[in-house]
Structures are given as C-alpha cells and as structure tokens.
Amino acid sequence: MPPSANSDIDFDYESALAACARGERFALRAIYMRESRRLLGVATRLVRRRELAEEVLQDAFLQIWEKASTFDPSLGSGRGWIYSVVRYRALNEIRKDARMDVTEDETLHYLADQQQPVEQEGLDTDAFAECMKHLDEKRQQSIMLAFVDGYSHEQIAETLHTPLGTIKSWIRRGLTALKECMS
C-alpha cells in the first residue's frame, strides 16, 4: 500500500524509487501525488510558461520511471534526485529556447528555494539568501549560472569573460563560504 500523500514524515523517497525500478506503478503515483504541485512550480519558475512546464514535468516523470534504477542513495536523497531530474529537464528546455532570460532576482530566489529539497530538509532559505548576499558579485553570479542555469564551467568562463581556473576557484570558494555561513 502506498504511503499517504499527506504524511511528509513517513514517506520514503528512496524506497519509492526502488519500487519504481521494480516496475511498481503505485510508487510513481505516490511520488506524483506528493510532489507534482511543487515540481510544477519549479519547472514553471525556470521555463516561465505553464504549458511548457507541464510538458517538462511529464517528461521528467517518464524519466524518473525509466531511470529509477540508476538512483544511488549513497550520492544523495531520493527527493533531491527527483527534483534534480525535473530541474535538468527544465534547463534543457531553456537551452533549446535561447529567448528565455532568467533575471538575477528570480535566480537568487530559485536557488534559495531549491536548496531545501535538494540538499537537506529544514534549510533556512532566508539565511541562505542572506549568506548569498555576503558573497562578492562574481561568486554569486558564478554559483547561480552553475547551479540554477545549469551552465558548465566553460560556459560560465565564456559568459563572464574570465579564465576557466578563476571560475572554478570562485565557485569552489563561494560554496565553501556558503557552507560556513550556513553552519
């Protein structure tokens, strides 16, 4: 019997993904019932068009079903993996449509919002946003381009007209500073 859709504490995302990998449809349905509204919000914020976000979500759930066996719990949480699938599907759509332009404020809010489901439950997003403000502008911009917009280090270097090694250093040091600020 699938877990109840209202019981966040009792839901085991890792077990649900394992059940999906075994072909148990109820598990995918349970994930969908529990997370689809929030996942649609993530996709909508990124692609900025509801109908496209719905397509992204549908494609993401198909990918979750087909690729559930590739989920490795030693690399992160099941919920984080699910959100990552949706996020990457949305970012792929953005890359296809060069007209999309995510503003810096939207990007900062999105990054703060997404750290809770992807990284750890209970993260204080206000504190995270405040910590981001303490980073210099180039580190903020590099982190946002990498983790929100999905740019590679090479694409960030090209976009910011900065050497690749500098970009890698900014991101690494920025993430270290964020971790220290949040602890």
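Bear in mind the structure is a predicted one, so any value in this text is a computation, not a measurement.

1. Quick look at the overall build of the chain
For step 1, the next point in the chain: Secondary structure summary: the chain contains 9 helices and 0 strands in total.
For step 2, the next point in the chain: Counting helices and strands in the order they occur from the N terminus, the chain gives α-α-α-α-α-α-α-α-α.
For step 3, the next point in the chain: Considering only intrachain contacts with a sequence separation of at least 6, the fraction spanning at least 24 residues in the chain is 65%.
For step 4, the next point in the chain: Accessible surface for the chain amounts to roughly 10,800 Å². Of this, 49% is attributable to carbon and sulfur atoms.

2. Quick notes on the environment of Leu175
For step 1, the next point in the chain: Examined against the element boundaries, Leu175 turns out to sit in helix H9 (residues 164-182).
For step 2, the next point in the chain: What makes Leu175 partly exposed here is its relative accessible area of 34%.
For step 3, the next point in the chain: Distance in space between the C-alpha atoms of Leu175 and Leu135 is 9.6 Å, their sequence separation being 40 residues.
For step 4, the next point in the chain: Apart from the residues lying within four places of it in its own chain, the contact partners of Leu175 are Ile143 and Phe147.

3. Description of the pattern of salt bridges
For step 1, the next point in the chain: All chains considered together, the criterion is met by 7 salt bridges.
For step 2, the next point in the chain: Glu51 is paired through a salt bridge with Arg49; the nearest N and O atoms lie 3.4 Å apart.
For step 3, the next point in the chain: Note on Glu51: relative accessible area 46%, which makes it partly exposed.
For step 4, the next point in the chain: Classification of Arg49 as partly exposed rests on a relative accessible area of 31%.
For step 5, the next point in the chain: Arg89 is the partner of Asp59 in a salt bridge, and the nearest nitrogen-oxygen pair spans 3.6 Å.

4. Observations regarding the confidence of the model for the chain
For step 1, the next point in the chain: Predicted confidence across the chain gives a mean pLDDT of 79, with 78% of residues reaching 70 or more.
For step 2, the next point in the chain: Summarising per-element confidence for the chain, the mean pLDDT is lowest in helix H5 (residues 104-118) (48) and highest in helix H1 (residues 13-21) (94).
For step 3, the next point in the chain: In this model, residues 98-105 is a region of pLDDT below 50 whose contacts with residues beyond four sequence positions or in other chains number 13 contacts.
For step 4, the next point in the chain: Confidence drops under pLDDT 50 across residues 114-122; counting only partners more than four residues distant or on other chains, this segment forms 19 contacts.

5. Overview of the environment of Glu35
For step 1, the next point in the chain: Here Glu35 lies in helix H2 (residues 25-47).
For step 2, the next point in the chain: Distance from Glu35 to Arg79, taken between C-alpha atoms, is 9.0 Å for residues 44 residues apart in sequence.
For step 3, the next point in the chain: When neighbours within four sequence positions are excluded, Glu35 is seen to be in contact with Tyr13, Arg79 and Tyr83.
For step 4, the next point in the chain: Only 2.5 Å separates the side chain of Glu35 from the side chain of Tyr83, close enough to count as a polar contact.

6. Focus on helix H3 (residues 50-67)
For step 1, the next point in the chain: Given a rise of 1.5 Å per residue, 18 residues ought to cover 26 Å, and the 25 Å separating the end C-alpha atoms of H3 matches this to within 8%.
For step 2, the next point in the chain: Among all positions of H3, only Leu52, Ala53, Val56, Leu57, Ala60, Phe61 and Ile64 are buried.
For step 3, the next point in the chain: Buried residues along H3 sit in contact with H1, H2 and helix H4 (78-96).

7. Some points on the packing of aromatic side chains
Aromatic ring pairs: the centre-centre distance and the angle between the two ring planes describe each pair.
For step 1, the next point in the chain: Within this structure, the stated rule accounts for 3 aromatic pairs.
For step 2, the next point in the chain: Sitting over the ring of Tyr88, Arg87 keeps its end group 5.0 Å from the ring centre.

8. Quick notes on the state of the cysteines
For step 1, the next point in the chain: With the rule as written, the count across this model stands at 1 disulfide.
For step 2, the next point in the chain: Note on cysteine connectivity: Cys131 is disulfide-linked to Cys181, with sulfurs 1.9 Å apart. Between Cys131 and Cys181 the disulfide shows an S-S torsion of about -80 degrees. By sign, it is left-handed. Of the two residues, Cys131 is situated in helix H6 (residues 125-134) and Cys181 in helix H9; the sequence distance between them amounts to 50 residues.
For step 3, the next point in the chain: Taking relative accessible area as the criterion, Cys131 reaches 5% and is therefore assigned buried.

Basis of the calculations
Residues numbered from 1 in each chain as written. Predicted model: local features only at pLDDT ≥ 70, side-chain atom pairs only at ≥ 80, totals over all residues. Heavy atoms only, no water. Helix = DSSP H or I, 4+ residues; strand = E, 2+ residues; numbered from the N terminus. Contact = heavy atoms within 4.5 Å. Areas by Shrake-Rupley, 256 points an atom, 1.4 Å probe, with all protein chains shown as cover. Buried < 20%, exposed > 50% of the residue type's maximum accessible area, 1.4 Å probe, protein only. Salt bridge = Lys/Arg side-chain N within 4 Å of Asp/Glu carboxyl O. pLDDT = per-residue confidence, 0-100. Polar contact = N/O pair within 3.5 Å; in protein donor to acceptor, adjacent residues only side chain to side chain. Expected span 1.5 Å × (residues − 1). Phe/Tyr/Trp six-rings, centres within 6.5 Å; stacked < 30°, edge-to-face > 60°. Lys NZ or Arg CZ within 6 Å of the ring centre and 35° of its normal. Disulfide = S-S within 2.5 Å.

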